[in-house]
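Examining the three-dimensional arrangement
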Amino acid sequence: MFELNQLEQLLAFAEYGTLSAAAEHLHLSQPALSRSMRRLEMDLSVPLFDHAKNKIALNENGELAVKYAEQIVREAKEMKESLVAHERARHTIFLGSCAPAPLWTLLPNLSSLYPDMTITSEIRGLDTLQEKLLDKTYQLIALPYPIEEPGFASQEIGEEHLYFTLPPAHPLAEKKSLHLADLNGETMLLRSNLGFWTDIVKKAMPDTTFLTQDENAFDELVRFSVLPTFATDLAL
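These lines cover the structure that appears in this document, whether it is placed above or below. The residue numbering used here restarts from 1 in each chain and proceeds along that chain's sequence as written. Totals for whole chains, interfaces and linings use all residues, but because this is a predicted model, local features are given only for residues with pLDDT of at least 70 and pairs of side-chain atoms are given and counted only at 80 or more. Side-chain calculation: all heavy atoms of the structure are included, whereas hydrogens and water are not.

This part is about the overall build of the chain. Each helix and strand in the chain was counted, giving eight helices and nine strands. In this description the radius of gyration comes from C-alpha coordinates, and the expected globular size is given by 2.2 Å times residues to the power 0.38. What you see for the chain is a C-alpha radius of gyration of 28 Å, clearly larger than the 18 Å of a compact globule of 236 residues, by over 25%. The buried share of the chain, reckoned over its 236 residues, is 32%. Taking the intrachain contacts of the chain between residues at least 6 apart in sequence as the baseline, contacts between residues at least 24 apart amount to 56%. The accessible surface values rely on the Shrake-Rupley method and a 1.4 Å probe; as for residues, cover is taken only from the protein chains in view. Element-wise, carbon and sulfur atoms account for 53% of the exposed surface of the chain, whose accessible area totals about 15700 Å². Residues scored as positive are Lys and Arg, those scored as negative are Asp and Glu, and His as well as the terminal groups of each chain are ignored. One atom stands in for each charge, and that atom is NZ of Lys, CZ of Arg, CG of Asp or CD of Glu. Computing the positive centroid from 20 side-chain charges and the negative centroid from 34, the chain places the two 6 Å apart. Elements are defined by DSSP. Helices are runs of H or I of four residues or more, strands are runs of E of two residues or more, and each kind is numbered from the N terminus. Working definition: with a 1.4 Å probe on protein chains only, accessible area under 20% of the residue-type maximum means buried, over 50% means exposed, and in between means partly exposed. It only takes one pair of heavy atoms within 4.5 Å for two residues to be counted as in contact.

This is the structure we're talking about:
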């Protein structure tokens, strides 16, 4: 019986057109690929190639075999992905969040409730979060609004508000309240991977230059910089 890797090699030959090019793509020697294709012909009990001097080409059987190989290889890949996802779901809770702050509450609570499970999290866009909840990639997501889909439940876990952090010498530092538009056009430090907050501030402050930094660099720069930045009330 033929093997899956033989079908993958057949597809490589169909794509690249020659044994030498397909062998290079597959990181095989040309004689090894040639022997594998001969074995495939024997396993299938039909010739797949027309042979000429120093050259082979797919015949009608080969063209048909390529169509079946594409389907079999695709389904084998889907099978593996489904099995890996199923196994992961048995031992892992995959959590998607719209921002960092919900994870500060959800991750320790989930770890406490399910000590034998692995808790995995990531921050993604709002549309992606809902798509991956519906296709069961995520078991739980955090959104800034309730989801209204049949078969799913929403529960409010808290509120978060964004604040400006300004150096004392900043001309707006003494104001009791500020709007995003008040600092539009300035240069600001911005923490990376803020989720939907990034989209909100960039849309409301289109003329602002944001210097985006990862967490370690951001904390260090805030300590020594005179540039304004943002803070969440959940961390103040």
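Now that the structure has been shown, the text picks up again.
The subject of this paragraph is the pattern of salt bridges. One side-chain nitrogen of Lys or Arg within 4 Å of one carboxyl oxygen of Asp or Glu is enough to make a salt bridge. Applying the stated criterion to the full structure yields four salt bridges. Residue Glu-87 pairs with Arg-90 through a salt bridge whose shortest N-O separation is 2.8 Å. With Glu-87 and Arg-90 both in helix 4 (residues 60–91) and three residues apart, this pair spans about one turn of that helix. Owing to a relative accessible area of 38%, Glu-87 belongs among the partly exposed residues under this scheme. A salt bridge links Asp-219 to Arg-191; the shortest N-O distance between them is 3.3 Å. Residue Asp-219 is found in helix 8 (residues 215–224), and its partner Arg-191 is found in strand 7 (residues 187–191); the two are separated by 28 residues along the sequence. Overall, the relative accessible area of 26% leaves Arg-191 in the partly exposed class.

The next point concerns the nonpolar core. Among the nonpolar cores identified, the biggest contains 22 residues, and Phe-164, Leu-183, Met-188, Met-205, Phe-210 and Phe-230 are the most heavily contacted of them. It is helix 7 (residues 196–204) that contributes the most residues to this core, three residues altogether. Beyond its immediate stretch of four places on either side in the chain, Phe-230 contacts Leu-162, Tyr-163, Phe-164, Thr-165, Leu-180, Met-188, Leu-189, Leu-190, Val-201, Met-205, Phe-210 and Phe-218. Residues belong to one nonpolar core when they are buried, are Ala, Val, Leu, Ile, Met, Phe, Trp, Tyr or Cys, and are joined through side-chain atoms within 4.5 Å.

With that settled, consider the sheet that holds strand 5 (residues 140–142). When DSSP locates at least two bridges between a pair of strands, those strands are taken to pair. Strand order across the open sheet formed by three strands is 4-3-5, with parallel pairing between neighbours. Strands with a single pairing partner mark the edges of an open sheet, and in this sheet they are strand 4 (118–123) and strand 5. When strand polarity is set aside, the average angle formed by the axes of neighbouring strands in this sheet is 20°. Pairing of strand 3 (residues 92–97) with strand 4, which is carried by six bridges, proceeds in the parallel orientation. The residue bridging Phe-94 from the neighbouring strand is Thr-120, located in strand 4. Only the stretch in contact is used when fitting a helix axis, every axis being a line fitted to C-alpha atoms; angles between N-to-C directions are given from 0 to 180 degrees. Contacting strand 3, strand 4 and strand 5, helix 5 (residues 101–113) runs over the sheet at an angle of about 170° to strand 3.

Packing of helix 1 (residues 4–16) against helix 4 brings their axes to within 9 Å, and their N-to-C directions diverge by 125°. Judged on the interaxial angle alone, helix 4 and helix 1 are oblique. Seen from above, helix 1 lies across helix 4 with left-handed handedness. Contacts between helix 1 and helix 4 involve Leu-4, Leu-7, Glu-8, Leu-10, Leu-11 and Ala-14 on the former and, on the latter, Ala-65, Val-66, Ala-69, Glu-70, Ile-72, Val-73 and Ala-76. Partitioned by chemical class, the residues of the contact of helix 1 with helix 4 number 11 nonpolar, no polar and two charged. Roughly parallel here means an angle under 35 degrees, roughly antiparallel means over 145, roughly perpendicular means 65 to 115, and every remaining angle is called oblique. Left-handed is the label given to a crossing in which the near helix is rotated counterclockwise from the far helix by less than a right angle, and right-handed is the label when the rotation is clockwise. Note on residue categories: nonpolar means Ala, Val, Leu, Ile, Met, Phe, Trp, Tyr, Cys or Pro, charged means Asp, Glu, Lys or Arg, and polar means any other residue, Gly included.

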